[in-house]
Amino acid sequence: RRDRSPDEAVLLLCGSSVRAKELAADPDLTAALGPSPTGGVAASVPLEAVESREAPSSRDCWAEYRRFVRGEVQLLSAPLSIAGRGLDYADTTAAAADAARLSLAVVLFDFPRSITEYIHCIGRTHRPGQGAGRAVVFMPEMRFWMAGELLQLLDRCKQPVPAQLRELVEKDKIFLRECRMAITRLNGGFCPYPVLLGNRSSPAQLFDAHVPLASNPFEGSDFDEEKYLWSLSPSVPSYRRRLVHALAAEADLPHVSTGQCPGRRLHLAQERRSLPDAFFIEGELVEEVQKLSHVRRHPAVDGADDTPRRGRIADPIIHPKWRTVRVRFDGERKDTFISVDELRLCSPPV
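Residues numbered from 1 in each chain as written. Predicted model: local features only at pLDDT ≥ 70, side-chain atom pairs only at ≥ 80, totals over all residues. Heavy atoms only, no water.

Got a sec to walk through the pairing of strand S14 (residues 324-329)? Specific residues and values, please.
For strand S13 (residues 310-315) and S14, the ladder comprises 4 bridges, and the chain directions are antiparallel. Paired with Ile313 across the two strands is Val327, which belongs to S14. Where S14 meets strand S15 (residues 336-339), 4 bridges bridge the pair, whose relative direction is antiparallel. Note on S15: the bridge partner recorded for Val325 is Ile338. Joining the antiparallel neighbours S14 and S15 is a turn of 6 residues, in which Gly331 adopts a positive phi near 85°. (Pairing = 2+ DSSP bridges. Helix = DSSP H or I, 4+ residues; strand = E, 2+ residues; numbered from the N terminus.)

Set out below in structure tokens:
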């Protein structure tokens, strides 16, 4: 409220229509905006109405949007998928001299799923028929994996970069540099930990002035010398696990995450068979494991077909809760989510 100018309207974008309605009705939020000279304070866009594009009914679904662009309310709370792109916030039905020229503060309550979507959202700050605007963005840890892209975007657009964002990106660069070297060593048949004075070092020996503790991937990790299996610590944040997954994929190194948060761990190995859980590659040929029944039907008798379904992995990422992957089975036009326990490779793993 202290930073907001009296003529500034607030476009609050969040991840779902339910949250949008909750925020629009939040008394603390509306109180923070202060009194409105026109009487209204908050509004919300019903998701189902905007998506259906139906003709206006007795309860006009676009009423809140029109009130907002006319300057009758100070806050519009809406889902990212609806209000984050494709909408201009100008009163196109009024004469140019009478139209309210909004100065928008776009608040990203939930950070978008990609930088492209982020660009669309902050683009609402200055559309045709609007005054100059600004963006206020909240970036949770689960989206930190996009911090590097965000920093590059801000630098390229010559926008101020928060010190915390730049510090985060620098720490992640150090972390990924150490992980990249560890993956190279593991791929070459060596211990992922650096060799000190001719001996294999333990994670506890790896702290020095050049590698900050928060950026050291070896703290709390384990290495199985027989299986050549490196398991990162459960304390590694989920966004960093995602970044290391990408590094391992680039190096063609088998990798998988297991367990539930806060004990979830990322495992990397030279060979697929050394991993503690299933691992698939996009495009691999797999078949469904047959479920044996007490009475096996004979195809010649009743037309039953016991041939297992075959297909290719469409998305190898295993769902952390349901343990499923996406498969496109032969002869089917849609992908199927199927448990990894019900799949096997059509050729022996390597």
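From this point, things continue past the structure.
How would you summarise the packing of helix H6 (residues 115-122) against helix H7 (residues 147-156) if you had to cite specific residues and measurements?
Where H6 meets H7, the closest approach of the two axes is 10 Å, and the angle between their N-to-C directions is 45°. Judged by the angle between their axes, H6 and H7 are oblique. H7 is crossed by H6, and the crossing has right-handed handedness. For the pair H6 and H7, the contacting residues are Ile115, Tyr118 and Ile119 in the first and Glu149, Leu150, Leu153 and Leu154 in the second. (Axes fitted to C-alpha atoms, helices over the stretch in contact; angles between N-to-C directions. Parallel < 35°, antiparallel > 145°, perpendicular 65-115°, else oblique. Left-handed = near helix turned anticlockwise from the far one by under 90°. Contact = heavy atoms within 4.5 Å.)

Can you lay out the nonpolar core for me, pointing to particular residues and giving the numbers?
In a soluble, globular protein the nonpolar side chains are often hidden away together inside. Tyr89, Trp230 and Leu268 are the most contacted members of the largest nonpolar core, which totals 56 residues. Residue contributions to this core peak at 9 residues, all from helix H8 (residues 163-187). Not counting chain neighbours up to four residues away, the residues in contact with Tyr89 comprise Leu11, Tyr65, Phe68, Val69, Leu76, Ala83, Leu102, Leu104, Arg124 and Gln130. Counting 16 residues, the second largest nonpolar core, distinct from the first, contains Ile318, Val327, Val340 and Leu343. (Core = buried A, V, L, I, M, F, W, Y, C linked by side-chain atoms within 4.5 Å. Buried < 20%, exposed > 50% of the residue type's maximum accessible area, 1.4 Å probe, protein only.)

Report on the sheet that holds strand S16 (residues 343-345), specifying residues and quantitative values.
Consider a sheet: its strands pair through backbone hydrogen bonds, and that pairing is either parallel or antiparallel. Strand order in the open sheet made by the 5 strands is S15-S14-S13-S12-S16, with antiparallel pairing throughout. Two strands in the sheet have a free side with no partner beyond their single neighbour: S15 and S16. The average angle at which neighbouring strand axes cross in this sheet is 50°, direction not considered. The sheet contact formed by strand S12 (residues 285-288) and S13 spans 3 bridges and is antiparallel. What sits directly across from Glu287, in S13, is Arg310.

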